[in-house]
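# Coordinates in review
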Amino acid sequence: MLTIGDSRFSSRLFTGTGKFASSDQMLAALAASGSQLVTLAMKRLDLKAGFDDILAPIRQSGVKLLPNTSGARNAKEAIFAAELAREVLGTSWIKLEIHPDPKYLMPDPIETFNAAKVLCERGFTVLPYVHADPVLCRNLESVGCAAVMPLGSPIGSNRGLETAAFLKIIIEQAKVPVVVDAGIGSPSQAMAAMEMGASAVLVNTAIAASRDPVKMALCFADAVATGRKAYEAGLAQVHQRAIGTSPQQALTAFLSE
Amino acid sequence: MSFLDILSGLSREQLRMALYSTSPAQVEAAIEGEQGNLSHLLALLSPAAEEYLEPMAQRAAALTRQRFGHNIGLYLPLYLSNLCANECDYCGFTMSNKLKRKVLSHDELAAEMAVIKPQGFDSILLVSGEHETKVGIDYFAEVLPLVKAEFSHVAMEVQPLSREHYEILVEKGLDAVMLYQETYDPETYRKHHLRGNKQDYGYRLESPERIAQAGVDKIGLGVLLGLDDWRMDALLMGYHLDYLERRFWRSRYSISLPRLRPCVGGITPKVQLTDKGLVQLICAFRLFNEQLEISLSTRETPSLRDDLLGLGITQMSAGSRTEPGGYVNPAAQLDQFEISDERSAAEVASVLRSRGFTPVWKDWEAGWIGAG
C-alpha cells in the first residue's frame, strides 16, 4: 500500500482526465486503470454554469480527486486556484502546477517552491509537479510537501524516462513518495519507473490519446503492478562485465605474493 | 530589433524561389523533421509538398492528438460595432459601404450576451471595425468588465492599440488579442488599404510585440488568404510566429486561416486558395509548431469544417453572427462577411461528439488567472 498524506492507495497508477474523446470513454478508461487518484484541471470546471462534463461523472465513480492548478503562471495564481479547489471540491489535496511557458509547460521551480510553502502552511496536502531536480525536491520536502512529482520528459511528449539519472537520485534521497509525472508514453516506461523505485506514476496522454484508451489503461495497470513487484522482489545486480573472468593484468595479485 | 526590421532584412525573392524550387527530398525531410525549423516550414508550404498531403495529414493528426487530445475549443464572435474609419476593398465594413452603422450600447451588449450565454459558450471574441474615436480604448475599457462578468475567456479583434492601452485592458480582464496582418507583402497591403490608420503597415506589424509586452496571454496572427500568394504570406507568418515565440515566451499563440470570401462591394481573391491548399496550410503549421492553436471560423462550409477536424484545428466558432446586434436580431444584414456554416452551436457540438471529439466550452478560469 502506498501512503500519501492521510490516504492509502492500493493502485500505484494515477491518471488524468484530459484529452479523452468523451466523458464515457474517460470513465471507462479510469475504471480499467484501477486508479484511485485522478487529477483534473480547475480551469476546466465551469463553476458558474453549475454543469460540467468532467466533475460529475468522476465524483460518481468514487475515486479520490486531485485538483490541479494547470494554467497558473505564478505562485499567486496557483494559491488562488488551490483555495478555490478546497472551497468548491471540498478537498485540501492539490497538484501544484505552475508553468509560465505555455509552449512546453515547463514547471517554474521558484514559483512552485514559493507556492508550496504557503499552501503547506495553510494545511494543504501538496503534490508539486517539478523538474527532475533533486535539490528542489529536497527543498519541497522540507517545507512539508506530501509527495514530489518530477517529470520523466516534457509533458504530453510520451518520450519516457529521459530524466532517469536524476529520478534515481530523487528516489534514493526522498523521504516522501516520488510520483513520476509527465512524459510516460508506454506501459514499458511506466514499468521502468516502478522498477526504479518510484512510488507511483501519473499517466494521462498515453492513455487518452491511444487508439483504445480502455485497453491501454489495462496495460498500464498491469505494467505498474508488475514493475512494483519487481522492485519489491529486488532486481539482481546489473554487471557491466562478466564476473570471474581473469583480467589481463591482476591489480590485486600483489596481496597474495 | 522589431519584426519589421527582420522582415525588411529578408529577401522575398530568394524565399519565393526557394518555395517554388523545393524538391521532393526536401519535403520528405521536412515531414520527418523536428518542429521549429523555418526551412522545413518553407518546404511544407511549397507546391512540391502537394504530393505529400496524406503523410503530412497523418503526422499532423497524430501531433494534434498528442498535444490537444480530442478537445476542440468552442468560441463565439460578438460584434461590438461596425463603424470603421478605414477603406479596405475586401471588407464589408469598409467606410464607403452604405451600411447602417451602429455601436452596441451597454443594454444591447447585455442583450447579446443573454442570447449567447445559454448556448454554453464561455469563451468570447469581441470584434469591432476600426474607429479610434468612437470605438476606442474608452469604450473597450467600459465594456470589458461587463463581458468578463459573463465569460471566463475574453479575446478581442479590434484596431491595433498602444502598449499602454493594452495594459489597461489586461487589467480589466483581457485574455487574448487577435490581430491579423492580412498580408505580409507591403505592396499588396498598400493596394488594399486605401484610407485610414490601417494604411500603416509597420504599426500593425509591430502590434503583436506591444501586445506581448503588455502581458496578454494569447496572441493570434493571421493573413487574409487570397490577397496575395498564400504560400508566401503563410511562410512570412511562420517567420513572425518564430520571432514572437523566441522573444515573448510567456504568451501563447494562435493562428487563423481565413480565406477571402465574397462580401458587399468586395473584391474577388487574387490567388485562389483551394480546399487542398487549406489542408496543406493547416498540416504545415501543425508540423512546424506542435503547440500552436489553430482556429477555424464559420467562413468555411459545414462539410469542409467537419473534414478538417483532427488535422490540426483546436478552436472553432459555431453559430456565429457577424453583425453588431446579430444575436438578438439575426436579420439585420450588416455583416462583415458571409457565413458558410449556419449550424447552431448545439448542432456543431453534436457533430463534434459524433466524430469522437469533446467540445470544450471552458478551459480558463477568470477568477484566478490574472490574480497575480
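Residues numbered from 1 in each chain as written. Chains lettered and ligands numbered in written order. Predicted model: local features only at pLDDT ≥ 70, side-chain atom pairs only at ≥ 80, totals over all residues. Heavy atoms only, no water.

## Description of the overall build of chain B
- Helices and strands together make up the secondary structure of chain B, namely 15 helices and 11 strands.
- By the compact-globule yardstick of 21 Å for 372 residues, chain B fits well, its C-alpha radius of gyration being 20 Å.
- Counting only C-alpha atoms and orienting by the principal axes, one finds that chain B spans roughly 60 × 45 × 45 Å.
- Among the 372 residues that make up chain B, the fraction classed as buried is 62%.
- The contacts in chain B between residues at least 6 apart in sequence include a share of 75% that link residues at least 24 apart.
- Carbon and sulfur atoms form 51% of the exposed surface of chain B, whose accessible area is close to 14,000 Å². (Helix = DSSP H or I, 4+ residues; strand = E, 2+ residues; numbered from the N terminus. Rg over C-alpha atoms; globule rule 2.2 N^0.38 Å. Buried < 20%, exposed > 50% of the residue type's maximum accessible area, 1.4 Å probe, protein only. Contact = heavy atoms within 4.5 Å. Areas by Shrake-Rupley, 256 points an atom, 1.4 Å probe, with all protein chains shown as cover.)

## Digging into the overall build of chain A
- Assigned secondary structure in chain A consists of nine helices and 10 strands.
- Relative to its length of 257 residues, chain A is compact, with a C-alpha radius of gyration of 20 Å against a globular reference of 18 Å.
- Looking at chain A residue by residue over its 257 residues, the buried ones come to 54%.
- Carbon together with sulfur atoms contributes 53% to the accessible area of chain A, which is approximately 11,500 Å² in total.
- Charged side chains in chain A number 24 positive and 23 negative. The centres of these two groups are separated by 1 Å. (Lys, Arg positive; Asp, Glu negative; His and termini not counted. Charge placed at Lys NZ, Arg CZ, Asp CG, Glu CD.)

## Brief notes about the interface of chain B and chain A
- Each side of the interface is counted separately: chain B has 36 residues, and chain A has 35 residues.
- Counting the contacts that link chain B with chain A gives three salt bridges.
- Salt-bridge contacts for glutamate 245 of chain B lead to lysine 103 of chain A; the nearest nitrogen and oxygen are separated by 3.0 Å.
- The interface formed by chain B and chain A contains 20 residue pairs in polar contact (both at pLDDT 80 or more).
- Mapped by element, the contributors of at least two residues to the side of chain B that touches chain A are helix H5 (53-68) and strand E11 (358-360) of chain B.
- Broken down by element, the side of chain B that touches chain A gets its largest block of residues, four residues, from H5 of chain B.
- A class-by-class count of the residues in the side of chain B that touches chain A yields 11 nonpolar, 14 polar and 11 charged. (Salt bridge = Lys/Arg side-chain N within 4 Å of Asp/Glu carboxyl O. Polar contact = N/O pair within 3.5 Å; in protein donor to acceptor, adjacent residues only side chain to side chain. Nonpolar A, V, L, I, M, F, W, Y, C, P; charged D, E, K, R; others polar.)

## Description of the packing of helix H5 (residues 134-142) of chain A against helix H6 (residues 164-173) of chain A
Residues and elements named next belong to chain A.
- At a closest axis distance of 9 Å, the pairing of H5 and H6 adopts a crossing angle of 30°. Of the possible angle classes, the one that applies to H5 and H6 is roughly parallel. Between H5 and H6 the crossing geometry is right-handed. Packed against H5, whose contacting residues are Pro134, Cys137 and Arg138, the element H6 presents Phe166, Ile169, Ile170 and Gln173 at the interface. (Axes fitted to C-alpha atoms, helices over the stretch in contact; angles between N-to-C directions. Parallel < 35°, antiparallel > 145°, perpendicular 65-115°, else oblique. Left-handed = near helix turned anticlockwise from the far one by under 90°.)

## Description of helix H6 (residues 106-116) of chain B
Residue and element names in this part refer to chain B.
- When we look at burial in H6, the residues that qualify are Leu109, Glu112, Met113 and Ile116. For H6, the arc enclosing every buried residue in end-on projection is 95°, short of the 170-degree limit, so these residues lie on one face. In H6, the exposed residues that point more than 90 degrees away from the buried face are Asp107 and Ala114.
- Turning to H6, the residues buried within the fold contact strand E1 (71-81), strand E3 (123-128) and helix H7 (137-148). (Arc of directions from axis to C-beta.)

## Points about the pattern of salt bridges
All names here are of chain B.
- Summed over the entire model, instances satisfying the criterion amount to 33 salt bridges over all chains.
- For aspartate 275, the salt bridge is made with arginine 259, and the minimal N-O distance between the two is 2.8 Å. One end of the pair, aspartate 275, is in helix H13 (residues 275-288); the other, arginine 259, is in the loop between strand E8 (252-256) and H13, and 16 residues separate them in sequence.
- Residue aspartate 275 is classed as partly exposed on the basis of its relative accessible area, which comes to 39%.

## Considerations on the side chain of asparagine 289 of chain B
- Tracing the backbone through its elements, the reader meets asparagine 289 of chain B in the loop between H13 and strand E9 (293-296).
- Given a relative accessible area of 1%, asparagine 289 of chain B falls into the buried group.
- Polar contacts involving the side chain of asparagine 289 of chain B include one to the side chain of lysine 103 of chain A, which spans 3.2 Å.
- Of the polar contacts made by the side chain of asparagine 289 of chain B, one reaches the backbone nitrogen of leucine 292 of chain B; its length is 3.0 Å.
- Beyond its immediate sequence surroundings of up to four residues, asparagine 289 of chain B is in contact with Lys103 of chain A together with Gln35, Leu241 and Glu245 of chain B.

## What to know about the packing of aromatic side chains
- For the structure shown, the criterion picks out nine aromatic pairs over all chains.
- Between phenylalanine 9 of chain A and phenylalanine 14 of chain A, the ring centres sit 5.5 Å apart and the planes meet at 65°, which makes this aromatic pair edge-to-face.
- Residues tyrosine 79 of chain B and phenylalanine 93 of chain B carry aromatic rings whose centres are separated by 5.8 Å and whose planes lie at 85° to one another, so their mutual orientation is edge-to-face. Here tyrosine 79 of chain B is found in strand E1, whereas its partner phenylalanine 93 of chain B is found in the loop between strand E2 (87-88) and H6, with 14 residues between them in sequence. The pair formed by tyrosine 79 of chain B and phenylalanine 93 of chain B is uniform in burial state, with each residue classed as buried. (Phe/Tyr/Trp six-rings, centres within 6.5 Å; stacked < 30°, edge-to-face > 60°.)

## Section: unusual backbone geometry
All names here are of chain A.
- A positive phi angle, close to 75°, is found at lysine 19, a residue other than glycine.
- With respect to the element layout, lysine 19 can be found in the loop between strand E3 (13-16) and helix H1 (23-33).
- On the basis of relative accessibility, which here comes to 14%, the residue lysine 19 falls in the buried class.

## As for the packing of H5 of chain B against H13 of chain B
Residues and elements named next belong to chain B.
- It is at 9 Å that the axes of H5 and H13 come closest, and there the two elements cross at 50°. Here H13 runs oblique to H5, going by the angle between their axes. Every pair of crossing elements has a handedness; the one defined by H5 and H13 is left-handed. Seen from H5, the contacting residues are Leu53, Met56, Ala57, Arg59, Ala60, Leu63, Thr64 and Phe68; seen from H13, they are Lys276, Val279, Gln280, Cys283, Ala284, Arg286 and Leu287.
- A class-by-class count of the residues in the contact of H5 with H13 yields 10 nonpolar, two polar and three charged.

## Examining the side chain of lysine 218 of chain B
Residues and elements named next belong to chain B.
- Mapped onto the fold, lysine 218 is located in strand E7 (residues 218-222).
- Polar side-chain contacts of lysine 218 include one of 2.6 Å to the side chain of glutamate 293.
- The residues touching lysine 218, leaving out its near neighbours within four places in the chain, are His153, Asp175, Ala176, Val177, Met178, Arg252, Ser254, Glu293 and Gln315.

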